[in-house]
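# Per-entry structural report
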Amino acid sequence: DGGITQSPKYLFRKEGQNVTLSCEQNLNHDAMYWYRQDPGQGLRLIYYSQIVNDFQKGDIAEGYSVSREKKESFPLTVTSAQKNPTAFYLCASMVAGLTGELFFGEGSRLTVL
Amino acid sequence: GQNIDQPTEMTATEGAIVQINCTYQTSGFNGLFWYQQHAGEAPTFLSYNVLDGLEEKGRFSSFLSRSKGYSYLLLKELQMKDSASYLCAPSKDYKLSFGAGTTVTVRA
């Protein structure tokens, strides 16, 4: 079945370490997104990419980096520069060129110890 | 941001109706989505409005007024499984912005 796979589902990290969250989709969607969710808050956009080899900063990009070398993959790196990295991270995809539905992965919960 | 405003919490009884209002400020917006999110899970799509008016989908309906920057989600015949957070998400330029969500608690 088509869908979006995020891994790992749970991740613990020590302060000062970088960590990379994986996001893979087989929906043949052009656009991919990373959101962050904190308790009691809405989803906030970190980065998005509408085509391969191109991506744009969202509202809270500081301390994060991404790459889009393949259509199917959009990994997110949480760097040590991110001051409050503990959060629930959601990857999503959409057919570009349309204002269509976002399809979400199951999320990755990152805890910094 | 797009100043998305929706109530924080609502409580209702099983079988009842609940209406979740959402206001937003945006120019050039494409349409408005509603998503349901159970605790610890990813959001799932409920509805999408691009034109003014009411869209009905089973027990759930959504209304949009573009000129007023206003939408609501109507949940009818509430069931215990409807206890969740409901996210209002206006769309602009292929990006969705999300409100903080309304936590609905359904009581027996």
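Values in this document were obtained by computation on a predicted structure and should not be read as measured data. (Residues numbered from 1 in each chain as written. Chains lettered and ligands numbered in written order. Predicted model: local features only at pLDDT ≥ 70, side-chain atom pairs only at ≥ 80, totals over all residues. Heavy atoms only, no water.)

Counting its regular elements, chain B contains 0 helices and 10 strands. Reading the secondary structure of chain B in the N-to-C direction produces β-β-β-β-β-β-β-β-β-β. Based on the C-alpha atoms only, the size of chain B along its principal axes is roughly 40 × 30 × 20 Å. Counting over 108 residues, chain B shows a buried share of 48%. (Helix = DSSP H or I, 4+ residues; strand = E, 2+ residues; numbered from the N terminus. Buried < 20%, exposed > 50% of the residue type's maximum accessible area, 1.4 Å probe, protein only.)

All right, on to the packing of aromatic side chains then. A complete count under the given rule lists 17 aromatic pairs over all chains for this structure. Judged by centre distance (6.1 Å) and plane angle (15°), the rings of A:Y33 and A:Y48 are stacked. With A:Y33 in strand β4 (residues 31–37) and A:Y48 in strand β5 (residues 43–51), this residue pair connects regions lying 15 residues apart in the sequence. Both residues of the pair, A:Y33 and A:Y48, belong to the buried class. Note on B:Y70 and B:Y72: the rings are 6.1 Å apart at their centroids and 55° apart in plane angle, and the pair reads as tilted. (Phe/Tyr/Trp six-rings, centres within 6.5 Å; stacked < 30°, edge-to-face > 60°.)

Further remarks concern the sheet that holds strand β5 (residues 53–57) of chain B. All names here are of chain B. Taken in spatial order, the 4 strands make up an open sheet running β2-β7-β6-β5, and their pairing is antiparallel. Of all the strands in the sheet, just β2 (18–23) and β5 have a single pairing partner and so form its edges. Sheet twist, expressed as the average angle between the axes of neighbouring strands with direction ignored, equals 15°. In this structure, strand β6 (residues 60–65) lies alongside strand β7 (residues 70–75), joined through 6 bridges in antiparallel fashion. What sits directly across from L64, in β7, is S71. (Pairing = 2+ DSSP bridges. Axes fitted to C-alpha atoms, helices over the stretch in contact; angles between N-to-C directions.)

If you look at the interface, chain A gives 23 residues, while chain B gives 19 residues. Around 1600 Å² of area is buried between chain A and chain B when both sides are counted, 60% of it from carbon and sulfur atoms. Between the two partners, chain A and chain B, sit 0 salt bridges. In this assembly, chain A and chain B are joined by 3 residue pairs in polar contact (both at pLDDT 80 or more). Of all the elements in the fold, those that place two or more residues in the side of chain A that touches chain B are β4, β5 and β9 (87–94) of chain A. Counting residues per element, the side of chain A that touches chain B draws most heavily on β5(A), at 4 residues. By residue class, the composition of the side of chain A that touches chain B is 11 nonpolar, 9 polar and 3 charged. (Contact = heavy atoms within 4.5 Å. Buried area = accessible area lost by both parts, 1.4 Å probe. Salt bridge = Lys/Arg side-chain N within 4 Å of Asp/Glu carboxyl O. Polar contact = N/O pair within 3.5 Å; in protein donor to acceptor, adjacent residues only side chain to side chain. Nonpolar A, V, L, I, M, F, W, Y, C, P; charged D, E, K, R; others polar.)

In short, shape yes, function no, at least from these values alone.
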